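# Structure assessment
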Amino acid sequence: MAALESETRQSYLVFACGSSWYAVPAEAAAEVVTFPELTRVPGSPPHLLGVFAHRGEVIPVVDMSLLVGGVTAGSRRAVLVRLSRGTLALTASSVAGVSALMGPLEPLGPSGVHVHLRGPVKSGSRDVAVIDPEGLFDHLSQGG
């Protein structure tokens, strides 16, 4: 599992899901897509909106707002995050672009998904939570 350093100085793709801003390492952000109608996964948690096929791969779509305990952003766009073991689509209501972020990367909480969200760091005037993609993948794979 790739650990994030205690302070960041690398490039990140910054995007919003609802009123919250997130960032993923730029090298993990493959592309931003508008996803088609999703196939629902029976028994899945509410934040897993469903799956879709993209370039021969079945990709799960995770609503970041629902995952962190908010309300759905209702977006049809997503950031595809590619890892060696698979791809995740994280809903995005807005994409700010790639930025070099600086700041401490302390977990935003002691448990659950918040362990895999770090910061907050600043992108302009915005507070941004940096996503640890490997940790998030592990959390979601364990039913989180």
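One can find the structure itself at the top, above this paragraph.
Model, not experiment: these values are computed from the prediction.

## Things to note about the overall build of the protein
The number of helices and strands found in the protein is two helices and 12 strands. Starting at the N terminus and walking to the C terminus, you meet the elements of the protein as β-β-β-β-β-β-α-β-β-β-β-β-β-α. Scaling as 2.2 N^0.38, a compact globule of 144 residues should have a C-alpha radius of gyration of about 15 Å, and the protein matches this with 14 Å. Principal-axis analysis of the C-alpha atoms gives the protein an extent of 40 × 30 × 30 Å. Per-residue burial over the protein gives 47% buried out of 144 residues. When contacts within the protein are restricted to residue pairs at least 6 apart in sequence, long-range pairs at least 24 apart make up 57% of them. Of the roughly 6900 Å² of accessible surface on the protein, a fraction of 53% belongs to carbon and sulfur atoms. Taken together, the 10 basic and 12 acidic charged side chains of the protein have centroids lying 6 Å from each other.

## Description of the pairing of strand 3 (residues 20-25)
The element strand 3 is largely enclosed, with a buried count of five among its six residues. In the sheet, strand 2 (residues 11-17) pairs with strand 3 via six bridges, with the strands oriented antiparallel. Bridge pairing links Y12 to P25 in strand 3. Between strand 2 and the antiparallel strand that follows it, strand 3, lie two residues; G18 among them carries a positive phi value of about 70°.

## Re the nonpolar core
Counting residues in each nonpolar core, the largest one holds 23 residues, and the members touching the most others are V24, M64, L90, I131 and L136. The set of elements that each furnish at least two residues to this core consists of strand 2, strand 3, helix 1 (64-67), strand 7 (77-83), strand 8 (86-91), strand 12 (126-131) and helix 2 (133-141). The next biggest cluster of nonpolar side chains, apart from the first, holds 10 residues, and it includes V14, A16, L105 and V128.

## Some details on the side chain of H139
Take H139: it is sitting in helix 2. Looking at H139, the relative accessible area reads 17%, which means it is buried.

## What to know about the sheet that holds strand 11 (residues 117-123)
Read across the sheet, five strands follow the order 9-2-3-12-11 without closing on themselves; strand pairing throughout is mixed. This sheet does not close on itself; its edge strands, each paired only once, are strand 9 (94-100) and strand 11. Neighbouring strand axes in the sheet, compared pairwise and without regard to direction, differ in orientation by 35° on average.

## Observations regarding the pattern of salt bridges
Under the criterion given, the structure shown has seven salt bridges. For E134, the salt bridge is made with R85, and the minimal N-O distance between the two is 2.9 Å. Note that E134 is positioned in helix 2 and R85 in the loop between strand 7 and strand 8, a separation of 49 residues in sequence. Owing to a relative accessible area of 40%, R85 belongs among the partly exposed residues under this scheme. It is possible to trace a salt-bridge network through shared partners that takes in E31, R55, E57 and R82.

## With respect to the packing of aromatic side chains
Two aromatic rings, taken as a pair, are described by how far apart their centres are and by the angle between their planes. What the rule picks out here adds up to two aromatic pairs. Directly above the ring of W21 sits R126, whose terminal nitrogen or CZ lies 4.0 Å from the centroid.

Definitions and cut-offs
Residues numbered from 1 in each chain as written. Predicted model: local features only at pLDDT ≥ 70, side-chain atom pairs only at ≥ 80, totals over all residues. Heavy atoms only, no water. Helix = DSSP H or I, 4+ residues; strand = E, 2+ residues; numbered from the N terminus. Rg over C-alpha atoms; globule rule 2.2 N^0.38 Å. Buried < 20%, exposed > 50% of the residue type's maximum accessible area, 1.4 Å probe, protein only. Contact = heavy atoms within 4.5 Å. Areas by Shrake-Rupley, 256 points an atom, 1.4 Å probe, with all protein chains shown as cover. Lys, Arg positive; Asp, Glu negative; His and termini not counted. Charge placed at Lys NZ, Arg CZ, Asp CG, Glu CD. Pairing = 2+ DSSP bridges. Core = buried A, V, L, I, M, F, W, Y, C linked by side-chain atoms within 4.5 Å. Axes fitted to C-alpha atoms, helices over the stretch in contact; angles between N-to-C directions. Salt bridge = Lys/Arg side-chain N within 4 Å of Asp/Glu carboxyl O. Phe/Tyr/Trp six-rings, centres within 6.5 Å; stacked < 30°, edge-to-face > 60°. Lys NZ or Arg CZ within 6 Å of the ring centre and 35° of its normal.

Honestly, that's just the spatial picture; any functional story needs more than this.
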